[in-house]
Amino acid sequence: MNRRSITIKTSVLAGFAVLAGIALLSGDRFVESTSASISGPPAARTGAPGELTCTDCHNASSGVGQFTITAPASYTPGQTYSIQVRHTTTDTTRKRWGFEMTSLAGGTNAGTFANTTGNTQLKTGSGKTYVAHTSAGTFQNQTGGAVWTFNWTAPATNVGNVTFYAAGIQANNNGSESGDQTYLRNVVIPYAAPVASTHVVSDFDGDGKSDPAIVRNNGGSAVWYSKVTAGVSIRQFGLSSDKFVPADYDGDGKTDVAVFRGGSWWTYRSSNGTVSSEQFGTAGDAAVTGDYDGDGKADLGVFRNGIWWVKRSSDGASQAQQWGAAGDKPLVGDFDGDGKDDFAVYRPADSVWWIIRSSNGTNVSLQFGIPWDIPVPADFDGDGLTNMAVYRPAEGVWYTSTDVNNNYYGSVYWGISTDVPVPGDYDGDGKDDVAVYRDGTWYIRNSTNLSMSVQYFGLASDAPVPKLRNQ
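Anyway, here's the lowdown on the structure attached to this text. (Residues numbered from 1 in each chain as written. Predicted model: local features only at pLDDT ≥ 70, side-chain atom pairs only at ≥ 80, totals over all residues. Heavy atoms only, no water.)

### Here's the deal with the overall build of the protein
Item 1. A count of helical and extended segments in the protein gives 2 helices and 34 strands.
Item 2. Per-residue burial for the protein yields a buried fraction of 47% across its 471 residues.
Item 3. Here the protein displays about 20,800 Å² of accessible surface, and carbon together with sulfur accounts for 52% of that area. (Helix = DSSP H or I, 4+ residues; strand = E, 2+ residues; numbered from the N terminus. Buried < 20%, exposed > 50% of the residue type's maximum accessible area, 1.4 Å probe, protein only. Areas by Shrake-Rupley, 256 points an atom, 1.4 Å probe, with all protein chains shown as cover.)

Given below as structure tokens:
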């Protein structure tokens with residue numbers, strides 16, 4: 001062996017000795033895959049379908065520790081939530097921690113993650129996005145466990161169930177893979193079908209219950225009376241000749257007093273006590289207030305010769321939709337349960353309901369009722385979908401269908417031929433109640449226990465408010 005060869009070998013051995021010394025002094029493992037895990041695991045190690053786990057680099061054993069995910073019980077599209085991933089253990093030999101998580105609907109990313117501290121980072125791989133620990137987020141030499149907090153923004157639309165998949169490491173920080181513990185966890189988050197505040201008719205105090213309310217002609221002025229929890233609310237607003245369009249226009253959970261007059265909308269906003277006026281529509285239009293964009297605020301809407309005109313509260317934009325014909329009765333309701341009111345009409349001549357589903361743009365037509373019935377759509381079963389229903393005055397009978405997708409019909413005898421149907425959620429159980437107004441008396445069939453509630457509120461000449469949601 002010549003002197004030059006000896007010098008090269010000596011240099012190589014010295015280099016390895018220096019690197020080994022650095023690894024031993026730092027306490028970090030020097031194997032490439034393990035070093036990557038300290039600064040953050042490679043993508044696609046969460047245990048989601050088709051993915052590897054932490055055992056690709058670490059031991060597969062587990063111990064007495066716990067690995068948990070704290071997430072919302074359900075999600076609302078577009079809403080941001082704080083998520084926690086936590087390790088806990090009584091094993092004091094655990095001195096370093098790690099995790100990786102993804103959120104999927106089926107095999108596709110659902111929602112987005114965002115870091116809130118320097119202990120987490122975002123990664124991409126295999127066409128998916130992940131959140132994982134950083135070097136600082138391994139909490140070296142910390143015992144008892146570790147917690148990471150970050151944000152997750154739900155998908156912009158309903159994608160069905162979202163599953164969080166996570167894999168975690170509880171390491172002993174001995175500089176090698178031996179003795180590490182791996183854990184897997186997944187949590188399923190269902191879609192929360194929203195019930196917008198505009199769907200609780202005549203809720204003037206925001207307690208989630210419909211309030212008996214009337215409008216009285218006082219010398220040409222309209223005086224609103226509502227029977228709320230605290231007593232009776234009285235407000236003079238509008239003219240007796242106006243069309244009354246009460247709804248939650250400001251999104252505070254309370255029904256606002258409002259009128260439609262010759263194409264002008266006048267609203268008394270319960271959130272701040274101000275009066276607003278806006279021109280939308282023309283004299284002779286039918287006012288069809290509803291939450292068409294699903295933002296929890298009522299939108300201005302009119303129906304004119306088979307065309308719907310809507311001004312969305314979310315962005316102020318207007319839209320027109322041909323749906324129906326002259327002579328049809330426009331109806332408002334969330335028939336597909338996506339949190340948005342749908343365009344719907346009832347055609348008395350043949351008693352056919354025509355509905356456009358806002359969730360996917362498809363339409364449905366179904367014969368339900370007879371020509372002299374009064375359509376009374378409401379959510380009678382509390383599933384978040386508006387039911388087709390009619391009141392037959394000649395018989396004093398209510399006929400309901402569970403939804404537009406099946407042919408189950410129920411009937412309830414409740415009322416007489418001269419009664420005014422006023423369905424609403426008077427007992428606050430999330431289900432609309434069958435109810436009628438008769439010469440100043442309210443007869444309510446409580447869905448909670450099927451008992452009858454009788455309330456004396458109003459005069460024979462007064463107009464009951466719940467009836468007035470769909471002009």
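This is not the end of the story, as more comes after the structure.
### Considerations on unusual backbone geometry
Item 1. Positive phi, normally seen in glycine, also occurs at Ser126, with a value near 55°.
Item 2. Relative to the helices and strands, Ser126 is located in the loop between strand E6 (120-125) and strand E7 (128-133).
Item 3. Residue Asn173 is not a glycine yet carries a positive backbone phi of 55°.
Item 4. Relative to the helices and strands, Asn173 resides in the loop between strand E9 (162-171) and strand E10 (181-189).
Item 5. Overall, Asn173 belongs to the buried group, its relative accessible area being 17%.

### Some points on the environment of Gly118
Item 1. Turning to its location among the elements, Gly118 is positioned in the loop between strand E5 (112-115) and E6.
Item 2. For the pair Gly118 and His133, spaced 15 residues apart in sequence, the C-alpha to C-alpha distance is 8.8 Å.

### Some details on the packing of aromatic side chains
Item 1. Summed over all chains, the structure comprises 23 aromatic pairs.
Item 2. Consider the rings of Phe237 and Tyr268, whose centres lie 6.4 Å apart with planes at 70°: the pair is edge-to-face. Placement of the pair is Phe237 in strand E13 (residues 231-239) and Tyr268 in strand E16 (residues 264-268), with a sequence separation of 31 residues. The two residues Phe237 and Tyr268 agree in class, both being buried.
Item 3. Taken together, Tyr75, Tyr81, Phe99, Phe113, Phe139, Trp148, Phe150, Trp152, Phe164 and Tyr191 form an aromatic cluster joined through their ring pairs. (Phe/Tyr/Trp six-rings, centres within 6.5 Å; stacked < 30°, edge-to-face > 60°.)

### A closer look at a nonpolar patch on the surface
Item 1. A contiguous nonpolar patch, built from Met452, Val454 and Tyr456 and spanning about 340 Å² of accessible area, is present on the exposed surface.
Item 2. When you line up the elements, Val454 lands in strand E33 (residues 452-456). (Patch = residues over 30% accessible without salt bridge, like charges linked within 9 Å, V, L, I, M, F, W, Y side chains within 5 Å. Salt bridge = Lys/Arg side-chain N within 4 Å of Asp/Glu carboxyl O.)

### Things to note about the side chain of Ser210
Item 1. Turning to its location among the elements, Ser210 is positioned in the loop between E10 and strand E11 (213-218).
Item 2. In this structure Ser210 comes out as buried when scored by relative accessible area, which is 3%.
Item 3. Reaching out from Ser210, the side chain makes a polar contact with the backbone oxygen of Val201 at a distance of 2.7 Å.
Item 4. Apart from residues lying up to four places away in sequence, Ser210 is in contact with Val200, Val201, Ser202, Gly424, Asp425 and Tyr426. (Polar contact = N/O pair within 3.5 Å; in protein donor to acceptor, adjacent residues only side chain to side chain. Contact = heavy atoms within 4.5 Å.)

### Let's talk about the side chain of Arg45
Item 1. If you trace the backbone, Arg45 turns up in the loop between helix H2 (32-39) and strand E1 (66-70).
Item 2. Among the polar contacts listed, one links the side chain of Arg45 to the backbone oxygen of Ala43, at a separation of 2.9 Å.

### A short note on the sheet that holds strand E34 (residues 463-464)
Item 1. Spatial ordering of the open sheet is given by E13-E12-E11-E34, a layout of 4 strands whose pairing is antiparallel. Because the sheet does not close on itself, it has two edges, and the strands there are E13 and E34.
Item 2. Direction of pairing for strand E12 (residues 221-228) relative to E13: antiparallel, over a ladder of 7 bridges. Bridging from a neighbouring strand, Ser221 pairs with Leu239 of E13. (Pairing = 2+ DSSP bridges.)

### Concerning the environment of Asp341
Item 1. Tracing the chain through its elements places Asp341 in the loop between strand E22 (329-333) and strand E23 (342-347).
Item 2. As for Asp341 and Gly290, which are separated by 51 residues in sequence, their C-alpha atoms are 6.0 Å apart.
Item 3. Side-chain polar atoms of Asp341 contact the backbone nitrogen of Asp291, separated by 2.7 Å.

### Looking at the sheet that holds strand E25 (residues 363-367)
Item 1. Strand order in the open sheet made by the 4 strands is E22-E23-E24-E25, with antiparallel pairing throughout. Single-partner strands in this sheet number two, and they are E22 and E25. Shown here is a sheet whose adjacent strand axes are inclined to one another by a mean of 20°, direction ignored.
Item 2. Where E23 and strand E24 (residues 352-356) come together, 5 bridges link them in antiparallel fashion. Within E24, the residue paired with Arg347 across the bridge is Val352. (Axes fitted to C-alpha atoms, helices over the stretch in contact; angles between N-to-C directions.)

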